[in-house]
Amino acid sequence: MVLDERLNALSKLGSIILENNNKKSLKLWDAINEAHIYNPWFTPEFCKQSIIAIAKEWLNIQTLNSWVTNYPDYFFKPAEPKLIGVVMAGNIPFVGLHDLLSVLITGHKFYGKVSSKDARLTQAFVDLLIDIEPRFGKNILITENKLEKFDAIIATGSDNTARYFEYYFGKYPNIIRKNRHSVAILKGDETSDELNRLASDILSYFGLGCRNVSKLLVPKNYNFEALMQAMEPYKHLINHNKYANNHEYHRAIYLINQVEHLDNGFVLLKPDESLGSPVGVVYYQHYKDIPSAISYINNNNDTLQCVVTNIPKVKNKVSFGETQQPKLNDYADGIDTIDFLSTL
């Protein structure tokens, strides 16, 4: 397939997903509605939120064309297509699709190992794409087994698994991603709309994504009342058994150990210098002034994915409410996947 054919097929896929009453989309929606059976964190609500955002933000011809025009034409015409192994994360629904799209759009072959937590969502997405454009069928292989005999590797995991990835895959051209976290810098003058959007950045997908805000940088004497109120639309999360267990566990630990914290009944706010907070908990840390907050961001840049703030000129800055709406050129860990694939 030439590039335009690949672009048109992906755009058509986006249209079919958004129409959702098209017969070709039934299997995908069935997988979405059943995903929680295999992975309780993948609720229909959050699965639909993810795939609709992908269809809207990525799978339309204008956005796709804008994406590829940032690169030379030869990036998408490999003389010899390579087999790209991709170890996919499974922390939130459809999280590995950007790598899939990057491999396919550059004309290479995708060899993906899905996470055991994937709940068959990636396969349902791929099946729908192949229904639309059967020629993609020979370029996509999904497996739950060990990857073997590939030309390059893209692997996403924790800091611990990254060490294994580097050991096993170090001899291949690779992108190996580690733990990343997202923070928000608040000044205390945020509007109610900004705080409502921040609540989404914190609690969408139960806060399990690396783009979810897990820590707040706040000025001294910051009043959390307005933020707690902004989180109210997500209070139904406490009805989710696994989320509730996490919340209750950490609440009990903090109470027993007399650890300072705030609790609105479904989210705990705890002062802590760490970046990554447990499910049901958001850490916060006070800063002296804006320059010191920016210095904190700069010092932790290698472990930050997004920084939500209205302060200008901050590294990895993302607007309120947009952490889970990345653009096609918002590459994980700041590593340009298209550029990497062009070097093979």
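Right above here is the structure, for reference.
Here is a short report on the structure shown in this document. Because the structure is a prediction, the values reported are computed rather than measured.

Taken together, the 7 strands give an open sheet; going across it, the order is S8-S9-S10-S7-S6-S11-S12, and neighbouring strands pair in mixed fashion. What marks the edges here is a single partner per strand, and that holds for strand S8 (262-263) and strand S12 (317-318). Here 2 bridges tie S8 to strand S9 (residues 268-271), and the two strands are oriented antiparallel to one another. Pairing of Leu262 across the sheet is with Leu269, part of S9. The strands touched by helix H8 (residues 192-203) within the sheet are strand S6 (181-185), strand S7 (213-219), strand S10 (281-287) and strand S11 (304-308), with S7 carrying the most contacts at an inclination of about 140°.

The next subject is the pattern of salt bridges. For the structure on display, the rule yields 14 salt bridges. Taking the shortest distance from any N to any O, the salt bridge between Lys187 and Asp189 comes out at 3.8 Å. Judged by relative accessible area, which is 34%, Lys187 ranks as partly exposed. For the salt bridge of Glu232 with Lys235, the shortest nitrogen-to-oxygen distance reads 3.7 Å. Residue classification places Glu232 among the partly exposed residues on the basis of a relative accessible area of 26%. Where salt bridges share partners, they join Glu5, Glu133 and Arg135 into one cluster.

Turning our eyes to something else, we now look at the nonpolar core. Core analysis: the biggest nonpolar cluster contains 88 residues, and Ile17, Leu198 and Leu216 have the highest contact counts within it. The residues contacting Leu198, other than those within four sequence positions of it, are Ala184, Leu186, Val213, Leu216, Leu227, Val308, Phe320 and Gly321. Counting 12 residues, the second-largest nonpolar core is a separate cluster that includes Val183, Ala293, Leu304 and Ile311.

On to a nonpolar patch on the surface. On the surface, a cluster of nonpolar side chains totalling about 460 Å² of accessible area is made up of Tyr164, Tyr167 and Tyr168. In this fold, Tyr167 is placed in helix H7 (residues 159-169).

Bringing the packing of aromatic side chains into the picture now. Applying the stated criterion to the full structure yields 13 aromatic pairs. Both rings, one in Phe46 and one in Tyr205, keep their centres 5.3 Å apart while their planes meet at 50°; by these two values the pair is tilted. Taken as a pair, Phe46 in helix H3 (residues 44-57) and Tyr205 in the loop between H8 and S7 lie far apart in primary sequence, 159 residues in all. Relative to Tyr168, the ring of Tyr167 has its centre 5.1 Å away and its plane inclined at 85°; by these criteria the two rings are edge-to-face.

Here we come to the environment of Lys146. Residue position: Lys146 is located in the loop between strand S3 (140-143) and strand S4 (152-156). Excluding residues that lie within four positions of it along the chain, Lys146 makes contacts with Tyr111 and Lys113.

Strands sit in the order S3-S2-S1-S4-S5 across an open sheet of 5 strands; the sheet is parallel. Unpaired on one side and paired on the other, S3 and strand S5 (174-177) mark the two borders of the sheet. Taking the axes of each pair of neighbouring strands and ignoring which way they run, one obtains an average angle of 15° across the sheet. With 4 bridges joining them, strand S2 (residues 109-113) and S3 adopt parallel strand pairing. Directly across from Gly112, in S3, lies its bridge partner Ile142. Set on the sheet, H7 makes contact with strand S1 (83-87), S4 and S5; between it and S5 the angle comes to about 165°.

Moving on: the layout of surface pockets. Within this model, the second largest pocket holds a volume of roughly 310 Å³. Among the elements that take part in the lining of the second largest pocket, H7 stands out by supplying 5 residues, more than any other. When the residues that make up the lining of the second largest pocket are grouped by side-chain class, the tally is 8 nonpolar, 1 polar and 5 charged.

Summarising the element assignment, Asp201 is placed in helix H8. The side chain of Asp201 is buried and forms no salt bridge, while Arg197, the nearest opposite charge, is found at 8.0 Å. One polar contact links the side chain of Asp201 to the main-chain amide nitrogen of Gly321, over a distance of 2.7 Å.

Parameters and conventions
Along each chain, residues carry numbers from 1 onward, in the same order as the chain's sequence is written. The model is predicted, so local features are restricted to residues of pLDDT at least 70 and side-chain atom pairs to those at 80 or more, both for listing and for counting; the totals for chains, interfaces and linings are taken over all residues. Neither water nor hydrogens contribute to the side-chain values; these are computed over all heavy atoms in the structure. Two strands are said to pair when DSSP picks up at least two bridges between them. Here a strand is any run of E in DSSP of at least two residues, a helix any run of H or I of at least four, and the numbering for each starts at the N terminus. In what follows, residue pairs with any heavy atoms lying within 4.5 Å of each other are defined as contacts. Axis definition: a line fit to C-alpha positions, over the contact stretch in the case of helices; interaxial angles, taken between N-to-C directions, run 0 to 180 degrees. A pairing counts as a salt bridge when a side-chain nitrogen of Lys or Arg comes within 4 Å of a carboxyl oxygen of Asp or Glu. Under the scheme applied here, a residue whose accessible area is under 20% of the maximum for its type counts as buried, over 50% as exposed, and between as partly exposed, the area being computed with a 1.4 Å probe on protein chains only. We call a set of buried residues a nonpolar core when its members are Ala, Val, Leu, Ile, Met, Phe, Trp, Tyr or Cys and they connect through side-chain atoms within 4.5 Å of each other. Here a patch means residues that are over 30% exposed by relative accessible area and free of salt bridges, tied together within 9 Å if like-charged and within 5 Å if nonpolar (Val, Leu, Ile, Met, Phe, Trp, Tyr). Note on areas: these come from Shrake-Rupley sampling with a 1.4 Å probe, and a residue is covered only by the protein chains present in the view. Pairing of aromatic rings covers Phe, Tyr and Trp, the last counted by its six-membered ring, and requires centre-to-centre distances within 6.5 Å; plane angles under 30 degrees mean stacked, over 60 mean edge-to-face, and any other angle means tilted. Space inside and on the surface of the protein is sampled on a 1 Å grid over the protein atoms alone, with a cavity defined as a set of points where a 1.4 Å probe fits but cannot get out and a pocket as an open set with protein on both sides within 12 Å along at least 5 of 7 lines; lining residues have an atom within 4 Å of a point. Grid points are joined across faces, edges and corners, and a volume is the space filled by probe spheres set on the points. Residues are sorted three ways: Asp, Glu, Lys and Arg are charged, Ala, Val, Leu, Ile, Met, Phe, Trp, Tyr, Cys and Pro are nonpolar, and all the rest, Gly among them, are polar. Counted as positive: Lys and Arg. Counted as negative: Asp and Glu, with His and the chain ends omitted from the count. Contacts described as polar in this section are N or O atom pairs within 3.5 Å, which, within protein, must combine one atom able to donate a hydrogen with one able to accept it, while residues neighboring in sequence count only if both atoms come from side chains.

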